[in-house]
Amino acid sequence: MDRPSLSGTPTSSGSPTSGAPPGAAREPVRSVRGARATPAPQRWARRLLWLILALAIGVGVGSRVFDSLRSPLAHTEVVPSVLYDRYGTPIAEIGPSVAHASLGLEDMAPALVDAIVAVLDPSFLERDGVDATSYASSLRRVFDEPDAPGDGDGSDDGIMRRYLDTVHDDDPGAVAEARMLLAELRLGRQLSRPEILERFANVVYLGRGAYGVHAAAAVWYGIPASDLTVTQAAYIASLIDAPWGVDATWDRPDDPYRPARLGRDRVLVAMYEHGVLTSDELAAGRSVPVESDVRAAGSDALGAAAGGYVRMLVADAGLVTAVGEAYLRLVERYGTHRVVTAGLHVTTSLDLPAQRAAVATVRDQLGPAAGADVVVLDRSGDVRVLVSVAAAEPANDVDVVSRLRPRPLGDLLGSAASTLGPWIAPDISTEVIAQAADVAQVAAAFSIVATGGEERTSRIVLEAGDAAPSRLLRDRDIDRWLMNRRTVFEAAVVSQLRADMDTLTLPSGVTALGRAGISPETGDAWFAGWTSHYTAAVRITLNSPRDPVDAASRASQLFAAVLDPLQYPPATPGDSG
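Report follows, based on the coordinates.

Parameters at a glance
Positions within a chain are numbered from 1, following the residues in the order the chain's sequence is written. Under the rules for a predicted model, residues below a pLDDT of 70 receive no local features and side-chain atom pairs below 80 are neither given nor counted, while totals for whole chains, interfaces and linings still include all residues. Side-chain descriptors were evaluated using all non-hydrogen atoms of the structure, hydrogens and water having been removed beforehand. Secondary structure elements are defined from DSSP: runs of H or I of at least 4 residues count as helices, runs of E of at least 2 residues count as strands, and each element is numbered from the N terminus. To sort residues, take the accessible area from a 1.4 Å probe on protein chains only and compare it with the maximum for the residue type: under 20% means buried, over 50% means exposed, and anything in between is partly exposed. Should any heavy atoms of two residues lie within 4.5 Å, those residues are counted as being in contact. For every accessible area listed, the method is Shrake-Rupley and the probe measures 1.4 Å; residues are considered covered only by the protein chains on display. Between any two strands, pairing holds if DSSP finds at least two bridges. To obtain an axis, a line is fitted to C-alpha atoms, over the contacting stretch when the element is a helix, and the angle between two such axes runs from 0 to 180 degrees between their N-to-C directions. Here, a salt bridge means any Lys or Arg side-chain nitrogen found within 4 Å of an Asp or Glu carboxyl oxygen. Stacked, edge-to-face and tilted labels apply to pairs of Phe, Tyr and Trp rings (six-membered ring for Trp) whose centres lie within 6.5 Å, assigned for plane angles under 30 degrees, over 60, and everything in between, in that order. Charges are assigned to positions over rings by a cutoff of 6 Å between ring centre and Lys NZ or Arg CZ, combined with an angular limit of 35 degrees from the ring normal. As used in this structure description, the phrase polar contact means that two N or O atoms lie within 3.5 Å; if the pair is within protein, one of them must be able to donate a hydrogen and the other to accept it, and residues adjacent in sequence are counted only when both atoms belong to side chains. Angles below 35 degrees are treated as roughly parallel, those above 145 as roughly antiparallel, those between 65 and 115 as roughly perpendicular, and all remaining angles as oblique.

Focus: the overall build of the protein chain
Right, on to step 1. In terms of helices and strands, the protein chain carries 17 helices and 16 strands.
Right, on to step 2. Looking at the protein chain as a whole, 46% of its 577 residues qualify as buried.
Right, on to step 3. For the protein chain, the share of sequence-separated contacts (at least 6 apart) that also reach a separation of at least 24 residues comes to 72%.
Right, on to step 4. When the accessible area of the protein chain is evaluated, it comes to approximately 28,900 Å², of which 54% is carbon and sulfur surface.

Given below as structure tokens:
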């Protein structure tokens, strides 16, 4: 009788397996019942244990890596920034124009705390730990996706995000957003919600040069932040989004303070909607004129107040224009808030001994009858000297921006106007370049010829960090400003431009190439050129009319006197680049 085998082939119970050669030994048949399989529950239990172990190891390693990552530069208090020369000597300080003090939440009026929370993020203090809504919004920003509607009651742009936007760099792009998400995760782990709220209230800009609620209460109402009424607190909270307040009036005589009133009333309504005010308190608050009790402001309250003050720490070095230029570059990169309040330590490219020597040279060469502006760039394109010598410089706070005014070039460029003009003033036509250039722009354009047709970034800021410059502190958090270079002129063009230059011999025997020019409209005299190590531009502002030849000669003499002490070792200008 045949029976089926395990493979499905019929076999005879008394004969060898079908297909086996006659006489072949029969292989023993292993019993299937003898192989005991591991029960399924035990297999899943082992897998779960391995998974838990892997997760524990991953969390531990990830936590260590996360804590080791550097977040963006941040600050927690309002501290003036300090500028240094290239050798580490402090030269200027930039800080808020209104006295600042950090307060605890207990030192602020309860109505002020309620107003800030109600208008920005009503549930902020109720949440703790991981804020999934805020983090999801940050992730969408990383991938450049718009925020989904209905993601919560304002937490996407609430207190935590606003605080981070205030104290961190605001560079655009996915990388910056990823760094901001990292900072947000770390902030949520390190600080409680009341601590974050307290920090934000102490650094936010609230108009009239006031950073933080202490300064705002003083500058707007002349009282401590702990004594603010409900309507006053609502007004200050509205300044978070509109810091000009009642200083910006509306063009309607019957209601000039309408924008400020609407902003204050919006805060009052938010406080009522979230149970902070009763209906009677809301009505009473809205009935108070928004300009009531507000202190009168000066004519400049709406202007440069947010920019704080710029205080020179070094006298007799002609640094007003140089510090003003560095200030503008810093604001472009970090924003006014960080420059004024973040306590940045900024290393500039300025050479303070060379600055002082240039000032002394200008005064010795020209006397009190004329002023001068001098710019010297090194071979890398960095600004070593940026001197402005005119009337006596103010001793304390100065308006640095007003000193940066272009002056006419006259015939300085000559036949090179069509070639060098666009590099001096790229936003205007060649025909009017002679009326819209400053000394730094002229020096940068001539440096392209000096380097053989290569444009190099004219830096005045080298780096910004969280501590004073030091070669011993290796772990400082530093943002280094890179120098870029690219070729913009071909060799034939450079040769043609150099052929149009005049030769000037410095007192030490070093040869320089350059051009002199006169501005008939103003009587200014120019000289711009280069040696093997430096490019410089000089402009003399004469108080009385002079013979053009004499004025050009004085400009070239000043150029030679400023550059000569810097030449080491002497070489010919053809070796530059």
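From this point on, the discussion continues.
A short note on unusual backbone geometry
Right, on to step 1. One non-glycine residue with positive phi stands out, namely Arg208, at about 55°.
Right, on to step 2. Along the chain, Arg208 falls in the loop between helix H6 (193–203) and helix H7 (213–221).
Right, on to step 3. In the Ramachandran plot, Asp316 falls in the positive-phi region, its phi being about 60° despite a non-glycine side chain.
Right, on to step 4. Mapping Asp316 onto the fold places it in the loop between strand S5 (309–312) and helix H11 (320–334).

Digging into the pairing of strand S6 (residues 345–348)
Right, on to step 1. Because side chains alternate across S6, one face comprises the buried residues His345 and Thr347, and the other comprises Val346 and Thr348, equally buried.
Right, on to step 2. Relative to S6, strand S3 (residues 81–84) runs parallel, the two being bridged by three bridges. In the sheet register, Tyr84 faces S6, and the bridge partner there is Thr347.

Some points on the sheet that holds strand S10 (residues 461–465)
Right, on to step 1. Strand order in the open sheet made by the six strands is S5-S4-S3-S6-S10-S11, with mixed pairing throughout. Because the sheet does not close on itself, it has two edges, and the strands there are S5 and strand S11 (478–480). Within the sheet, the average angular offset between the axes of one strand and its neighbour, ignoring direction, is 20°.
Right, on to step 2. Of the strands in this sheet, S3, strand S4 (90–95), S5, S6, S10 and S11 touch H11, which is tilted by about 140° from S5.

A look at the pattern of salt bridges
Right, on to step 1. All chains considered together, the criterion is met by 17 salt bridges.
Right, on to step 2. Put simply, Asp479 and Arg333 hold a salt bridge, and the shortest N to O gap is 3.1 Å. In this pair, Asp479 sits in strand S11 while Arg333 sits in helix H11, placing the two residues 146 residues apart along the sequence.
Right, on to step 3. Looking at Asp479, the relative accessible area reads 18%, which means it is buried.

Thoughts on the environment of Thr341
Right, on to step 1. Assignment of secondary structure puts Thr341 in helix H12 (residues 336–341).
Right, on to step 2. Look at Thr341 and you get buried, because its relative accessible area is 0%.

Structural notes on the packing of aromatic side chains
For any two aromatic rings, the description comes down to two numbers: the centre-to-centre distance and the angle of the planes.
Right, on to step 1. For the structure on display, the rule yields five aromatic pairs.
Right, on to step 2. Pairing Tyr221 with Tyr235 gives two aromatic rings, centres 6.1 Å apart and planes at 80°, and the pair type is edge-to-face. Taken together, the positions of Tyr221 in helix H7 and Tyr235 in helix H8 (residues 230–238) put the pair 14 residues apart, joining distant regions of the chain.
Right, on to step 3. By relative accessible area, which is 9% here, Tyr221 ends up buried.
Right, on to step 4. An aromatic cluster of at least three residues, connected via ring pairs, comprises Trp220, Tyr221 and Tyr235.
Right, on to step 5. Note that Arg311 overlies the ring of Tyr309, its terminal NZ or CZ placed 4.6 Å from the centroid.

Some points on the side chain of Gln567
Right, on to step 1. Within the secondary structure, Gln567 is located in the segment after helix H17 (548–563).
Right, on to step 2. On the basis of relative accessibility, which here comes to 9%, the residue Gln567 falls in the buried class.
Right, on to step 3. Of the polar contacts made by the side chain of Gln567, one reaches the backbone oxygen of Leu563; its length is 3.0 Å.
Right, on to step 4. Setting aside its immediate chain neighbours within four residues, Gln567 contacts Leu506, Val510, Thr531, His533 and Tyr534.

Concerning the packing of helix H9 (residues 258–273) against helix H10 (residues 279–287)
Right, on to step 1. Two elements in contact, H9 and H10, have axes separated by 10 Å at closest approach and are oriented at 175°. Taken together, H9 and H10 sit at an angle that is classed as roughly antiparallel. Residues Arg264, Asp265, Leu268, Val269 and Tyr272 of H9 pack against Ser279, Leu282, Gly285 and Arg286 of H10.

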